[in-house]
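Listed below, chain by chain, are the residues.
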Amino acid sequence: MNEIQKENLIFLKNQGRSYSDIASTLSISKSAVKSFFSRLKLKNEENSNICKNCGVTLEKYSKSNLKKFCSDSCRYKWWRKNLENNRSYLKIHICKNCDKKFKSFDNKDRKYCSHKCYIDDRFRPKKGNFINDTRAI
């Protein structure tokens, strides 16, 4: 792939066009377009070793994934600031124990609003449950 094609790839992608549209426009395969952008992303990630929240330069570890944040507190702060962008992932669920509505990231298996409600529902006897009743019949 020559430099003109690479510039055209970046130009078309910045216009918001899809990989298949770019591939058909430039008469190259879709997999070539995908691999170009994945290599470009990896190259940019190697050069960007700064914290996404505070901008501090991060240390590189040879055997680990690239770090995006300098600490957990920076990661939490960034997520709180950018939660508005991720609202589509939040879903409303109803707690199986207390019937309270709660928001959580989309998880179809989520049944309880907290660990306390899980423990209450799982291990504490319910009203009308006479399994532990020692009265004589």
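The model shown is predicted, which means the values in this text are computed figures rather than measured ones.

Trainee: Hey, could you run me through the packing of helix α1 (residues 3–14) against helix α2 (residues 19–26) in this one?
Mentor: For any two helices packed against each other, the geometry is given by the interaxial angle and the distance between the axes. The interhelical angle for the contact between α1 and α2, taken along N-to-C directions, is 140°, at an axis separation of 10 Å. Put simply, α1 runs oblique to α2. Crossing of α1 over α2 shows right-handed handedness. Two secondary-structure elements touch here, α1 through Q5, N8, L9, L12 and K13 and α2 through Y19, I22, T25 and L26. Broken down by class, the residue content of the contact of α1 with α2 amounts to five nonpolar, three polar and one charged.

Trainee: Explanation requested: the pattern of salt bridges in the structure shown.
Mentor: Where charged atoms from two side chains of opposite charge come close, those side chains can pair. According to the stated counting rule, one finds five salt bridges in the structure shown. The salt bridge partner of R17 is D21, with a shortest N-O separation of 2.8 Å. As a salt-bridge pair, R75 and D72 come within 2.8 Å of each other at their nearest N and O atoms. Of this pair, R75 and D72 both sit in helix α4 (residues 72–81), three residues apart, which is roughly one turn of that helix. On the basis of relative accessible area, R75 is assigned to the partly exposed category, the value being 30%. Several salt bridges converge on common partners, so that one network encompasses K116, D120 and R124.

Trainee: Just checking my understanding: could you explain the packing of aromatic side chains for this structure?
Mentor: For any pair of aromatic rings, geometry is given as the distance between the ring centres together with the angle between the planes. According to the stated counting rule, one finds six aromatic pairs in the structure shown. In this structure an aromatic cluster arises from ring pairing among Y19, F36 and F37.

Trainee: How should α1 be read in this particular structure?
Mentor: Side chains of residues three or four places apart in an α-helix project in the same direction, reflecting 3.6 residues per turn. With twelve residues, α1 extends 17 Å between its outermost C-alpha atoms, agreeing within 8% with the 16 Å of an ideal straight helix rising 1.5 Å per residue. Of the residues that open α1, the one with a side-chain oxygen 3.3 Å from the backbone nitrogen of I4 is N2. Positive phi shows up at G16, right after α1, with a value of about 90°.

Trainee: Before we go on, may I ask you to explain the pairing of strand β1 (residues 90–94) in this structure?
Mentor: Remember that side chains alternate between the two faces of the sheet whenever the strand is regular. Summarising the sheet, β1 and strand β2 (residues 101–105) pair through five bridges and their orientation is antiparallel. Directly across from I92, in β2, lies its bridge partner K103. Where β1 folds back on β2, the antiparallel hairpin that results is connected by six residues, among which D99 adopts a positive phi of roughly 60°.

The rules behind each value
Residues numbered from 1 in each chain as written. Predicted model: local features only at pLDDT ≥ 70, side-chain atom pairs only at ≥ 80, totals over all residues. Heavy atoms only, no water. Axes fitted to C-alpha atoms, helices over the stretch in contact; angles between N-to-C directions. Helix = DSSP H or I, 4+ residues; strand = E, 2+ residues; numbered from the N terminus. Parallel < 35°, antiparallel > 145°, perpendicular 65-115°, else oblique. Left-handed = near helix turned anticlockwise from the far one by under 90°. Contact = heavy atoms within 4.5 Å. Nonpolar A, V, L, I, M, F, W, Y, C, P; charged D, E, K, R; others polar. Salt bridge = Lys/Arg side-chain N within 4 Å of Asp/Glu carboxyl O. Buried < 20%, exposed > 50% of the residue type's maximum accessible area, 1.4 Å probe, protein only. Phe/Tyr/Trp six-rings, centres within 6.5 Å; stacked < 30°, edge-to-face > 60°. Expected span 1.5 Å × (residues − 1). Polar contact = N/O pair within 3.5 Å; in protein donor to acceptor, adjacent residues only side chain to side chain. Pairing = 2+ DSSP bridges.

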